Every structure is written in structure tokens, then in C-alpha cells.
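# Close look at the chain arrangement
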Amino acid sequence: MASTIRVRAVAHGESTEVQSLIQHPMDSGFVKDKDGKLIPPHYIETVTFDWNGKRVFTAFWGPAVSKDPYLKFSFKGGKKGDTLKIGWSDNEGKSDETTATIL
Amino acid sequence: MRMAIAAIGRRAAACLVLLLALVLPPASAEQRSDPAADQRAFQAYFRKAFPSVGLNDFANGPYAVDKDMRKQWEEIMQFPPYDFALDDGKKLFETPFKNGKTYADCFPQKGIGIRQNYPYFDRQTGEVVTLDLAINRCREKNGETPLAYQVGDMAAIDAYMASTSRGKPFAIEIPDDPRALAAYEEGKKFFYARRGQLNFSCASCHVQAAGKRLRGDILAPALGILASFPIYRSDWGSMGTVDRRFISCNEQVRSVAFKPEDALYRDLEYFLSYMSNGVAIAGPGTRP
Amino acid sequence: MSRIIIATSAGLAVERRLVLQVLGIGSLAAMGLAAGLVPRAQAAEQSLAWPKNAFAQKNEAAALDALFEKPIVVPSDKISLDVPEIAENGAVVPVSVTVALPNVTSIALLIPENPFTLAAYYPIPEGTEPSISCRLKMAKTSDVVTVVEADGKHYGARKQVKVTLGGCGG
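These remarks concern the structure in this document. (Residues numbered from 1 in each chain as written. Chains lettered and ligands numbered in written order. Predicted model: local features only at pLDDT ≥ 70, side-chain atom pairs only at ≥ 80, totals over all residues.)

Helix and strand counts for chain B come out as twelve helices and seven strands. When contacts within chain B are restricted to residue pairs at least 6 apart in sequence, those whose partners lie at least 24 apart make up 74%. (Helix = DSSP H or I, 4+ residues; strand = E, 2+ residues; numbered from the N terminus. Contact = placed C-beta atoms within 7 Å.)

Right under this line is the structure:
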């Protein structure tokens, strides 16, 4: 099954810039469906990025983060060919993880 | 009087009428259809209204004509939200039908790099064929159930096929066939006709108010407006095809929308695409 | 003096005395660091817990208090907060924060006019640049507020984003 996580990690000199797009409804709990019923909140709470066993980034999210959430950050380290490990978990206990190669 | 006509004689009167008919112009006030002239005038209007916008940039709709919106668009395009649909579309396009055939077997050039030629006028069936219609005809021909229009898999396949045509300018043909001209004229009529409780035509927003605000939204110019389809609209949180937008636009002016791929919508798409000949395909795209 | 055990954003349970609150010291982590109790690297590597209490707050002060324990937030021009003037769609508002201060340990994003104020919280480990971009939902016209923790102190920036009723989006 295809991963819900898209990552583009590019090494620039001593740093690596990471962009990610995650497929997730990020339902806030405030929106009604076609029948007028509230769609329950379903959103990613935590996203983590690891490189060489080091936690290089953590995102703590609430329901105000947009659907199919995007993230961009940079960290010192990483070179072309290295592996980045990405994982997320949501308020319903669902999760996904993937690895990406730094370009 | 009666006696005078009787005097001339019936045959002579008939000859006179025939003579006059040959010499005088037709009684009807209809002008001859001239799509090429329409296209020149259409494009000239928008190039003059937006002198700093390059022809291909018209494909970007509101982002071509508003700086603050363009900045938000550039940010989103760093990692476009249609990425998932694009990948799904490629997979769907390449997956064989139950009978072993694929979409490539139905389309010219194996379906790659052809989106800019749609819609086209099918002289055999006498109707306008859009890409979506062609996709479903392909499925039916190969024993598969047709896809729902507007959303989902149809939008995903559109997204993939459009992406293979990026950079190729719209090249819509209107053959020298009265039926094709009639379809074009129907589409043109639709575009300029007012409808709905709000009594707007497509032109009210996308010609007269292009680049201006409709409440909080900036209106896209009609030139190139279909070149970025299918689109991921933030408002929908998902992909939508040309049908989806035609239907939602009609509903927004509070008119009763037509069914997807209704002949009128196909004619409208034919007209709008022909008007945009020369604008490069940029789909899939994103919109507010 | 009463003792209160609090789980901080870094997931550490630390005993705390009220008198410290009176002295106005900022975050517990900073206090711990100042006292040499928790090396910075170690604090960052603790498994961090989703700050549930902070995400449940409905106003700016309460959300900040839940994150940083009554921080004194000083406006800073060293924080670059990039948001649109008028959101093209309130469901997807691009927000970028870049901080030109040393030793940034976290970046928080708050939207006071949203039903829950805290939108996102990013603890920044050592070696990671204090610069993030993300996309947020805004219920209506509101300030977008960023609060940054650096060297135990707190700095902030805010900008208004107009969220309008669309004409085309239904």
C-alpha cells in the first residue's frame, strides 16, 4: 500500500532541507457532513523526523493544521544518500512511517 | 390589385420572386460563424486588459493577476496538494482492464501528451468529445464500468494525462462541418448567456470582472481558464474536473446545473478551449 | 510552600516550588538548564509528549501558560513571520517563521480567533534551524501569533490575516 507520506529532502552543503506532504483528512471536528452531522475530529498529533538515530524534528499538531499537511524545515547534517525516517501518529491511534533518501 | 397580379400572370410572378431572392440578402439576420475571428478578438481583449501577463501565465487564473494570491500559490506549489491524485492517476492509467487492454490502446500516442487536443469534434458521431467522455468510452469499449465524473479516479486520470501535456499549447480544431460550427456556437452562446437567480453569465465574472473581486475571491480571466485542469481546490479539499467546476459555478449563480458531460457543457468546454488555443497546458493545478 | 508536579512540554516531571513562580523565572526546562540539572542535549532527546493541555486551551494566555508557564513574551523584530494579508482560502493559510536568535528551543503558532488557540508547536532540537513552514486553518480574520522560546526567554511576533467569505467557493 502506498505511503501517506511524501518527502523531499535535499542536502545543501552542511544542511539538509526537508519538505513533506502527508495525506490525512485533518478533520477539525467543527465541520458538518452532507447530512448535517458533525464529522468527528481526526488529525495528526505528532510527526517525527530522524536522521542517523537523531531526532532532527518534531511537529506537534492540533486540528487547526490544514488537510494534507505540509511541513518544511532544515537541519545541520545529512548528505546525499543518507536515510531520513519519518513517522506520524494521530488522535485515533492511527500511524504511518516511511523512509526517504536525502538527495 | 388582384386584377394586376392576374394580369402579370402567375408564372411571371414566380420568376420575379426568384430573381429577387437571388439578388437580395437572406431574410434572417444571422451572421456567418467565424470562430477564428472570435478567438482573435477574445485573446486581444485579455492581452490588452492584462498587458503584463504572458500568454501562458493566463493558465494560472487568479495567480496571474494578483500578487498576494500568487505568493500563496507559489508557497503551495513547493509541494502541491494534487501530488497524491497525480500518482493515483498514473497508476490507474497504467493498470490494465480485466481484458488485458489499457487506456493506451484507446488513445492516439498511447494517451501521452494528447490532452491539449481535447475536446475534439467527432465527425462520425456528430458530437463534441471531451477527455473525460473519451476515458469512459474507452472503459465501456473494454468491458469496464464507466467512472463517475467530476471527482475521484476520473479526476486522477485527468491529472496524469494533463501532466504529460504540460507545456503543449491548446490545439483545438473546429473542422469545416456545420455540426462542429453549431456545437461551437452553442458553447459560445452558453458562455455569454445569463442564468440563475443571480442572473450572471460566465462572461459577467470571467470577462467583465476578470481580475476583480467577487467578495473575497479574485476572478480568473476566461482566457486559459481550463488549461490548469483538473484542479485541487482548497475549498473542496480534493480534485475536481471541468464538469465539477461548471456545475459548482452554475449552482453558485443559483441556476439549476446540468449533468456532467451534458452536451451543453461539452460545447462550452469546446468553445472555451478553442478560445485558449496557444495557451500551454499547465494541469493539474491548485486553486483557492 | 507547596510542591506541584507538572509535566512540561519536554515530558519531564519536575518538582516545582511556588516561590520560583514569584521570582518570575520562565520555563522549567530553562530553570533546570540554568541549574545544570538537565543538559540541553539530554532534554531534547527525552521522548516528547503531545502537549494535550495546551491544545485544549481557548485563549492565547491560557495556551501560552500551558506551554511555558506564564511566560513574559517580548515582541522581537528578530522573528520573521510570513503570512498572507488576505488568505486565498481560510482552510489553507501558508505560515512561515524564521528566527534570528540564538539557542531557540521551540516555536509555537497560535490563532486567537480559532476555537482552540494553539495551532502547532515545534520543539527545536540542537542542530535544527529555527525556521519552519506549514499550512494552517483559520476560522475567521485573526492575528497569527508566534511565540519563540530561546535561552529560556520568550519572544513573539504577530500579524493579522484577513479571512473573507469567498464569492466563488460557495
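This is not the end of the story, as more comes after the structure.
Residues and elements named next belong to chain B. Pairing within the open sheet is mixed, and its three strands lie in the order E6-E5-E7. Edge positions in the sheet fall to strand E6 (238-240) and strand E7 (285-287), since each of these pairs with one other strand and no more. Between one strand axis and the next, the sheet turns through 35 degrees on average, direction left out of account. Strand direction decides the pairing type here: strand E5 (residues 231-233) and E6, joined by three bridges, are antiparallel. Among the inter-strand pairings, Ile-231 is bridged to a residue of E6, identified as Gly-240. (Pairing = 2+ DSSP bridges. Axes fitted to C-alpha atoms, helices over the stretch in contact; angles between N-to-C directions.)

Of the residues lining the interface, seven residues belong to chain A; the matching set on chain B comes to six residues. Partitioned by chemical class, the residues of the side of chain A that touches chain B number two nonpolar, two polar and three charged. (Nonpolar A, V, L, I, M, F, W, Y, C, P; charged D, E, K, R; others polar.)

We now examine the sheet that holds strand E4 (residues 79-82) of chain C. Across the sheet, six strands lie side by side as E1(A)-E2(A)-E5(A)-E8(C)-E5(C)-E4(C); this open sheet has antiparallel pairing. The open sheet is flanked by strand E1 (5-12) of chain A together with E4 of chain C, the only strands paired with a single partner. Geometrically, the sheet is characterised by an average inter-axis angle of 15 degrees between neighbouring strands, direction not taken into account. Bridge analysis of E4(C) against strand E5 (residues 93-99) of chain C gives four bridges, and the strand direction is antiparallel. Its bridge partner being in E5(C), C:Ile79 is matched across the sheet by C:Val99.

At the junction of the two partners, chain C supplies 28 residues and chain A supplies 25 residues. Judged from the two bridges that link them, strand E5 (residues 70-76) of chain A and strand E8 (residues 131-136) of chain C form a sheet pairing that is antiparallel. Residue pairing for E8(C): A:Leu71 is matched across the bridge by C:Cys134.

On to the pairing of strand E6 (residues 83-90) of chain A. All names here are of chain A. Residues Leu-84, Ile-86, Trp-88 and Asp-90 of E6 are buried on one face, while the alternating residues Thr-83, Lys-85, Gly-87 and Ser-89, pointing to the opposite face, are not. Relative to E6, strand E3 (residues 44-51) runs antiparallel, the two sharing seven bridges. Note on E6: the bridge partner recorded for Phe-49 is Ile-86. Two elements, E6 and strand E7 (residues 95-101), share seven bridges in a ladder whose sense is antiparallel. Within E7, the position partnered with Ser-89 by the bridge is Ser-95. Here E6 folds back onto E7, and the loop between the two strands holds four residues, one of which, Gly-93, carries a positive phi near 85 degrees. (Buried ≥ 20, exposed ≤ 12 C-beta atoms within 10 Å, placed from the backbone.)

On to the pairing of strand E2 (residues 15-22) of chain A, then. Residue and element names in this part refer to chain A. As paired strands, E1 and E2 are joined by eight bridges and run antiparallel to one another. Each residue of the ladder has a partner; that of Arg-8, found in E2, is Gln-19. Taken together, E1 and the strand that follows it, E2, pair antiparallel across an intervening segment of two residues, in which Gly-13 is found at a positive phi of about 60 degrees. Two strands pair when backbone bridges link them, and E2 and E5 are joined in this way by seven bridges, in the antiparallel orientation. Within the sheet, the bridge partner assigned to Leu-21 lies in E5 and is Tyr-70.

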